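Report on the structure
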Amino acid sequence: AQSVTQPDIHITVSEGASLELRCNYSYGATPYLFWYVQSPGQGLQLLLKYFSGDTLVQGIKGFEAEFKRSQSSFNLRKPSVHWSDAAEYFCATRVQMIKAAGNKLTFGGGTRVLVKP
Amino acid sequence: DGGITQSPKYLFRKEGQNVTLSCEQNLNHDAMYWYRQDPGQGLRLIYYSQIVNDFQKGDIAEGYSVSREKKESFPLTVTSAQKNPTAFYLCASSMFPPAGGYTFGSGTRLTVV
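These numbers were taken from a predicted model, which means no experiment stands behind them.

**Some remarks on the overall build of chain B**
Counting secondary structure elements, chain B contains zero helices and 11 strands. Taken over the C-alpha trace, chain B has a radius of gyration of 13 Å; the compact-globule value for 113 residues is 13 Å, and the two agree within 12%. A principal-axis box enclosing the C-alpha atoms of chain B has dimensions of 40 × 25 × 25 Å. Within the span of chain B, comprising 113 residues, buried residues form 49% of the whole. Summarising the internal contacts of chain B: among those between residues at least 6 apart in sequence, 54% fall at separations of at least 24. Computing the positive centroid from 11 side-chain charges and the negative centroid from 10, chain B places the two 7 Å apart.

In structure tokens:
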């Protein structure tokens, strides 16, 4: 079964510094990949998604992610972090072309981002 | 605007009571999902439904029940059999298959008092 790993449970970054959140997926085929953000006490908001094509994907709020097939990774980046980026971030995947497994998304455990002034 | 609405935002339950959490969407999505979120445990799938009048158990269905009588609605009942119901509950919806990902509601925080 496919799985998604977010190796970092917490990351602390200074405001204005760059941010990179790691995501690795286990399935061999090219999956559908997603990044979501969750502010405290809120639902999840979709930041960006990748299906195919250009491996560098632009999202909302100044985020981007790069799909690297050789590393089974889909890392999220932001060049300059704002205090409002403090939140929890979830990576998710859906595997294409396998009917049963493709019916749902699989989520990583999340990475909590703290932003220092 | 299209979206997914969860109500209430906060809910308090006495021990031994059943409570029902509401989830309504006007996105014309086929599939709907319920997740439970506890600190440090990510998202855990309770139930999901891909079409009206059909639903499937997720990873932690014990102590919960759902119905899907209308495409727009997927209420979750937390029964007295759920031993530790205090948590944040998230509802989501998507097309089927979920090629575009899920749209989430803003959540319901349930507390047992």
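**Examining the sheet that holds strand β8 (residues 76-78) of chain B**
Where strands meet in a sheet, backbone hydrogen bonds hold them as pairs that are either parallel or antiparallel. Residues and elements named next belong to chain B. Ordered by their spatial adjacency, four strands build an open sheet running β1-β3-β8-β7, and the pairing between neighbours is antiparallel. The open sheet is flanked by β1 (4-7) and β7 (64-66), the only strands paired with a single partner. Across the sheet, the mean angle from the axis of one strand to that of its neighbour is 20 degrees, orientation sign disregarded. Pairing of β7 with β8, which is carried by three bridges, proceeds in the antiparallel orientation. Residue pairing for β8: V66 is matched across the bridge by L76.

**Some remarks on the pattern of salt bridges**
Here the idea is simple: oppositely charged side chains can pair when their charged atoms come close. Under the counting rule described, the total for this entry stands at eight salt bridges over all chains. Note that B:D38 is salt-bridged to B:R44, the shortest N-O span being 2.7 Å. Relative accessible area serves as the criterion here: at 26%, B:R44 is assigned to the partly exposed category. Beyond isolated ion pairs, a larger network of salt bridges with shared partners links A:E64, A:E66 and A:R77.

**Structural notes on the interface of chain B and chain A**
As a measure of interface size, the accessible area lost when the parts come together is often cited. The interface is formed by 21 residues belonging to chain B together with 19 residues belonging to chain A. Between chain B and chain A, a total of about 1500 Å² is buried, with carbon and sulfur atoms accounting for 58% of that surface. Three residues, B:A99, B:Y102 and B:F104, lead the burial of chain B against chain A; their summed loss comes to 28% of the area buried on that side. If you look at where chain B meets chain A, you find zero salt bridges. For the pair chain B and chain A, the number of links is four residue pairs in polar contact (both at pLDDT 80 or more). The dominant element in the side of chain B that touches chain A, judged by the number of residues it contributes, is strand β5 (residues 43-51) of chain B, at four residues. Here the side of chain B that touches chain A is composed, by residue class, of 13 nonpolar, seven polar and one charged.

**What about the nonpolar core?**
What tends to happen in soluble globular proteins is that the nonpolar side chains get buried as a cluster. Counting 25 residues, the largest nonpolar core has A:W35, A:L48, A:L76 and A:Y89 as its most contacted members. Excluding its chain neighbours within four sequence positions, the residues that come into contact with A:Y89 are A:Q6, A:L21, A:W35, A:Y36, A:V37, A:L47, A:F63, A:L76, A:G110, A:T111 and A:V113. Counting 20 residues, the second-largest nonpolar core is a separate cluster that includes B:C23, B:Y64, B:V66 and B:Y89.

Here is what the cut-offs are and how they apply
Residues numbered from 1 in each chain as written. Chains lettered and ligands numbered in written order. Predicted model: local features only at pLDDT ≥ 70, side-chain atom pairs only at ≥ 80, totals over all residues. Heavy atoms only, no water. Helix = DSSP H or I, 4+ residues; strand = E, 2+ residues; numbered from the N terminus. Rg over C-alpha atoms; globule rule 2.2 N^0.38 Å. Buried < 20%, exposed > 50% of the residue type's maximum accessible area, 1.4 Å probe, protein only. Contact = heavy atoms within 4.5 Å. Lys, Arg positive; Asp, Glu negative; His and termini not counted. Charge placed at Lys NZ, Arg CZ, Asp CG, Glu CD. Pairing = 2+ DSSP bridges. Axes fitted to C-alpha atoms, helices over the stretch in contact; angles between N-to-C directions. Salt bridge = Lys/Arg side-chain N within 4 Å of Asp/Glu carboxyl O. Buried area = accessible area lost by both parts, 1.4 Å probe. Polar contact = N/O pair within 3.5 Å; in protein donor to acceptor, adjacent residues only side chain to side chain. Nonpolar A, V, L, I, M, F, W, Y, C, P; charged D, E, K, R; others polar. Core = buried A, V, L, I, M, F, W, Y, C linked by side-chain atoms within 4.5 Å.

Note that all results are geometric; they support no functional claim without further evidence.
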